[in-house]
Amino acid sequence: MMLEEYYTLANGEKIPKLGLGTWFIDDDKAAEAVREAVKIGYRLIDTAQAYGNERGVGEGVRTAGIPREQLFVASKVAAELKTYEAVAASIDETLDKMGLSYLDQMIIHSPQPWNEFRVEKRYFEENIAVWRALEDAYKAGKVKTIGVSNFLQDDLENILENCTVKPMVNQILLHISNTDHALLAFCQDQGIQVEAYSPIAHGEAFKNPTILNMAKDYGVSAAQLCIRYALQLGTVALPKTANPAHMADNADVNFEISSTDMETLKQTKKIETYGDFDVFPVFSGKPM
């Protein structure tokens, strides 16, 4: 069963291959979503300071009915926090808000503040300070794994050249028709586990004829094909939903996409718009 499969990170920690993303799940609904996911078998729960639901996710983790150490709880430092002091304080605030003594993963949400995403100023110096705060939290046992999100190769190289602990993960937008194979290869070469957020392209995959036709050939849903694609690339898949039926469907991916079909999917024409989600920086068409 896919929910019982793990990758081993560079520091020896194990991370489930499939997790639950919680973006756009309201704080007052997050606890129930987490409990339902755990009941189905999910063990990786992904949130962020920016999601505004850390409190609810933490409540769900604490009331899920299984030992804390069986869950992999991940959050992200807000993209706007670019000093050592602000980040160190925010990690403590996250732990306090969630009611947890440690996080399994904490990552930098973006190399730049969201309103400056992918602009000329790269924040290399600031990200070194942010990374130092994550390293110190890691060394203090507050966080078991540390990493980044939305980082390009040169963003990663900046950290790699100035760190005492290497990033263990890079969480990026990755789905059929939007896969940065060069960045994926670089991360794999560096021993950095890639995590794929929005593997179903915010539902845009359901409008794609290549995806729909291939899913039909395999006797699976478009969502299942998309999640399986991310998994076969060796990434952690993080589909988001608060719907228990969708959670169960998303986890039912014990089939294999043939190498020929994987090549077809890798070359699928890029989705040009994410509809209402185009207002968010990561979906704005700026280079990923």
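Just above, that's the structure.
Residues numbered from 1 in each chain as written. Predicted model: local features only at pLDDT ≥ 70, side-chain atom pairs only at ≥ 80, totals over all residues. Heavy atoms only, no water.

**Student:** Could you clarify how one ought to interpret helix H8 (residues 222-232) in this entry?
**Tutor:** Counting along an α-helix, one turn takes 3.6 residues, and residues three or four places apart therefore face a common direction. The buried count for H8 comes to 10 of 11 residues, which makes it a mostly enclosed element. For H8, every residue scored as buried is listed here: Ala 222, Ala 223, Gln 224, Leu 225, Cys 226, Ile 227, Arg 228, Tyr 229, Ala 230 and Leu 231. Gly 234 sits one or two residues past H8 and shows a positive phi near 85 degrees. (Buried < 20%, exposed > 50% of the residue type's maximum accessible area, 1.4 Å probe, protein only. Helix = DSSP H or I, 4+ residues; strand = E, 2+ residues; numbered from the N terminus.)

**Student:** Explain the environment of Arg 62 to me, please; I cannot follow it from the model alone.
**Tutor:** With respect to the secondary-structure elements, Arg 62 resides in helix H2 (residues 54-62). Separated by 18 residues in sequence, Arg 62 and Leu 44 have C-alpha atoms that sit 14 Å apart. In this view, Arg 62 contacts Met 98, Gly 99 and Leu 100; residues no more than four positions away in its chain are not counted. (Contact = heavy atoms within 4.5 Å.)

**Student:** Quick question: what am I supposed to make of the pairing of strand E9 (residues 193-197) here?
**Tutor:** A regular strand places its side chains on the two faces of the sheet in alternate fashion. Extensive coverage of E9 is indicated by the burial of five of its five residues. Side-chain alternation along E9 places Gln 193, Glu 195 and Tyr 197 on one buried face and Val 194 and Ala 196 on a second face that is also buried. When strand E8 (residues 169-173) meets E9, the two strands line up parallel, connected through five bridges. Along E9, the bridge assignment pairs Leu 173 with Tyr 197. Each parallel crossover has a hand, and for E8 linked through helix H6 (residues 181-189) to E9 it is right-handed. Direction of pairing for E9 relative to strand E10 (residues 236-238): parallel, over a ladder of three bridges. Bridge pairing in E10 links Ala 196 to Ala 237. (Pairing = 2+ DSSP bridges. Right-handed = clockwise from strand over helix to strand, strands pointing away.)

**Student:** How should I be thinking about the layout of surface pockets in this particular structure?
**Tutor:** A water-sized probe rolled over the atoms picks out the places where empty space is left. Quantified by volume, the largest pocket comes out at close to 630 Å³. Considering only residue class, the lining of the largest pocket consists of 17 nonpolar, 12 polar and three charged. (1 Å grid on protein atoms, 1.4 Å probe; cavity = no way out; pocket = protein on both sides within 12 Å on 5 of 7 lines; lining within 4 Å. Points joined across faces, edges and corners; volume = space filled by probe spheres on them. Nonpolar A, V, L, I, M, F, W, Y, C, P; charged D, E, K, R; others polar.)

**Student:** It is not clear to me how helix H9 (residues 244-251) should be interpreted in this structure. Could you clarify?
**Tutor:** Residues of H9 that are buried include every one of Met 247, Asn 250 and Ala 251, and no others. When H9 is viewed along its axis, its buried side chains cluster within an angular range of 95 degrees and face the same direction. In this fold, the buried residues of H9 make contact with strand E3 (20-21), helix H1 (27-40) and H8. You can read the cap of H9 off the contacts: a side-chain oxygen lies 2.8 Å from the backbone nitrogen of Ala 245, and it is on Asn 243. (Arc of directions from axis to C-beta. Polar contact = N/O pair within 3.5 Å; in protein donor to acceptor, adjacent residues only side chain to side chain.)

**Student:** Is there a simple way to think about the packing of aromatic side chains in this case?
**Tutor:** Where two aromatic rings form a pair, the distance of their centres and the angle of their planes describe that pair. A full pass over the atoms with the stated rule returns seven aromatic pairs. Ring-pair connections join several aromatic residues into one group, and the members of that group are Trp 23, Phe 24, Tyr 51, Phe 280 and Phe 283. Stacked on the ring of Tyr 102, the Lys or Arg Arg 68 has its end atom at 4.1 Å from the ring centre. Of note, Lys 144 hangs over the ring of Tyr 102, and the distance from its end group to the ring centre comes to 4.8 Å. (Phe/Tyr/Trp six-rings, centres within 6.5 Å; stacked < 30°, edge-to-face > 60°. Lys NZ or Arg CZ within 6 Å of the ring centre and 35° of its normal.)

**Student:** Could you clarify how one ought to interpret unusual backbone geometry in this entry?
**Tutor:** Note: most residues except glycine have negative phi, and most peptide bonds are trans. The backbone of Asn 150 sits at a positive phi, close to 65 degrees, despite the residue not being glycine. Positive phi, normally seen in glycine, also occurs at His 202, with a value near 55 degrees.

**Student:** What exactly am I supposed to notice about the environment of Ala 230 here?
**Tutor:** Mapped onto the fold, Ala 230 is located in helix H8. On the basis of relative accessibility, which here comes to 0%, the residue Ala 230 falls in the buried class. Sequence separation of Ala 230 and Leu 18 is 212 residues, and the distance between their C-alpha atoms is 9.7 Å. Dropping the residues within four chain positions of it, Ala 230 is found in contact with Leu 174, Ala 196, Pro 199, Thr 235 and Ala 237.

**Student:** Honestly, the pairing of strand E7 (residues 146-149) in this entry has me stumped. Any pointers?
**Tutor:** Of the two faces of E7, the one holding Ile 146 and Val 148 and the one holding Gly 147 and Ser 149 are both buried throughout. Note: strand E6 (residues 105-108) against E7, three bridges, orientation parallel. Bridge pairing links Ile 108 to Val 148 in E7. Across two bridges, E7 lies against E8 in parallel orientation. Across the sheet, the residue bridging to Ser 149 is Gln 171, located in E8. For the crossover that starts at E7, traverses helix H5 (residues 153-160) and ends in the parallel E8, the hand is right-handed.

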